[in-house]
Amino acid sequence: MRRLPAIAAAAVLALALTGCSHADLSVDATATRSARPVVVAIGDSIMKGHGLAAADAWPALIAADNNWSFTNLACDGAGFVTLGDPADCDDDFAGLIKKAVALHPDLILISGSSNDLGVDDGTLGQQTATVIDTLRSELRMTTIVGI
């Protein structure tokens, strides 16, 4: 069963809790290189849908519902500082940027959770800013949504 209303509500709640009052994940297909917007996800096991079929992960469900061309680069255990599972990506979010850039996305969804728990706040803040700044400089026309 597809639970898009619950997923959408959770996404809006997450954005509201981070200080955003409105979440518009629509992508103007007329402004893209093709009829289907290219969307890339960078995140951890929650973004990946750990334990689910790839098509059942929440970003894949949203992508299918919106007819996006979707690539999920999320990696179990990964964070802004923490390396992901060696059997999955063996990289942190900064290491996933090259793969994302190569896909020329119209939209990037990026989300971290507790994998960086215990990392010094200053280090985590600096690395998070570096990742977002790098995405912004490499993908100037791409919309970046942090969740």
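Refer to the structure printed above.
To keep things clear, this report deals only with the structure shown in the data block. (Residues numbered from 1 in each chain as written. Predicted model: local features only at pLDDT ≥ 70, side-chain atom pairs only at ≥ 80, totals over all residues. Heavy atoms only, no water.)

1. Notes on the pattern of salt bridges
In the structure shown here, the tally under the stated rule is 1 salt bridge. A salt bridge links Lys 48 to Asp 88; the shortest N-O distance between them is 2.7 Å. With Lys 48 in helix 2 (residues 45-48) and Asp 88 in the loop between strand 2 (69-72) and helix 4 (93-102), this pair connects stretches of sequence that are 40 residues apart. For Asp 88, a relative accessible area of 30% puts it in the partly exposed group. (Salt bridge = Lys/Arg side-chain N within 4 Å of Asp/Glu carboxyl O. Helix = DSSP H or I, 4+ residues; strand = E, 2+ residues; numbered from the N terminus. Buried < 20%, exposed > 50% of the residue type's maximum accessible area, 1.4 Å probe, protein only.)

2. Thoughts on unusual backbone geometry
Unlike most non-glycine residues, Asn 67 shows phi in positive territory, near 60 degrees. Note on placement: Asn 67 falls in the loop between helix 3 (58-66) and strand 2. Phi is positive for Asp 90, close to 50 degrees, though the residue is something other than glycine. With respect to the helices and strands, the residue Asp 90 is situated in the loop between strand 2 and helix 4. The class for Asp 90 is partly exposed, based on a relative accessible area of 41%.

3. Some words on the sheet that holds strand 3 (residues 107-110)
On the basis of which strands lie adjacent, the open sheet formed by 4 strands has the order 2-1-3-4 and parallel pairing. Sheet topology places strand 2 and strand 4 (143-146) at the edges, where each strand pairs with a single neighbour. Between one strand and the next, the sheet's axes are offset by a mean angle of 15 degrees, whatever the strand orientation. As paired strands, strand 1 (residues 38-42) and strand 2 are joined by 4 bridges and run parallel to one another. Paired with Val 39 across the strands is Phe 70, a residue of strand 2. Relative to strand 3, helix 5 (residues 121-138) is tilted by about 170 degrees, and along the sheet it contacts strand 1, strand 3 and strand 4. (Pairing = 2+ DSSP bridges. Axes fitted to C-alpha atoms, helices over the stretch in contact; angles between N-to-C directions. Contact = heavy atoms within 4.5 Å.)

4. A word on helix 4
Three or more residues of helix 4 are buried, namely Phe 93, Leu 96, Ile 97, Ala 100 and Val 101. Mapping the buried residues of helix 4 onto a view down its axis gives an arc of 145 degrees, with all of them on the same face. With respect to the buried face of helix 4, the exposed residues turned more than 90 degrees away are Lys 98 and Ala 102. Here the buried face of helix 4 lies against strand 1, strand 3 and helix 5. Where helix 4 starts, the residue carrying a side-chain oxygen 3.2 Å from the main-chain nitrogen of Ala 94 turns out to be Asp 92. At the C-terminal side of helix 4, His 104 shows a positive phi close to 50 degrees. (Arc of directions from axis to C-beta. Polar contact = N/O pair within 3.5 Å; in protein donor to acceptor, adjacent residues only side chain to side chain.)

5. Overview of the nonpolar core
Core analysis: the largest hydrophobic core is formed by 17 residues, its most contacted members being Ile 42, Phe 93, Ile 108, Ile 110, Val 131 and Leu 135. Put simply, the parts of the chain that give this core at least two residues each are strand 1, helix 4, strand 3 and helix 5. The element best represented in this core is helix 4, accounting for 5 residues. Look past the residues within four positions of Val 131 in its chain and what remains in contact with it is Phe 80, Phe 93, Ala 94, Ile 97 and Ile 110. (Core = buried A, V, L, I, M, F, W, Y, C linked by side-chain atoms within 4.5 Å.)

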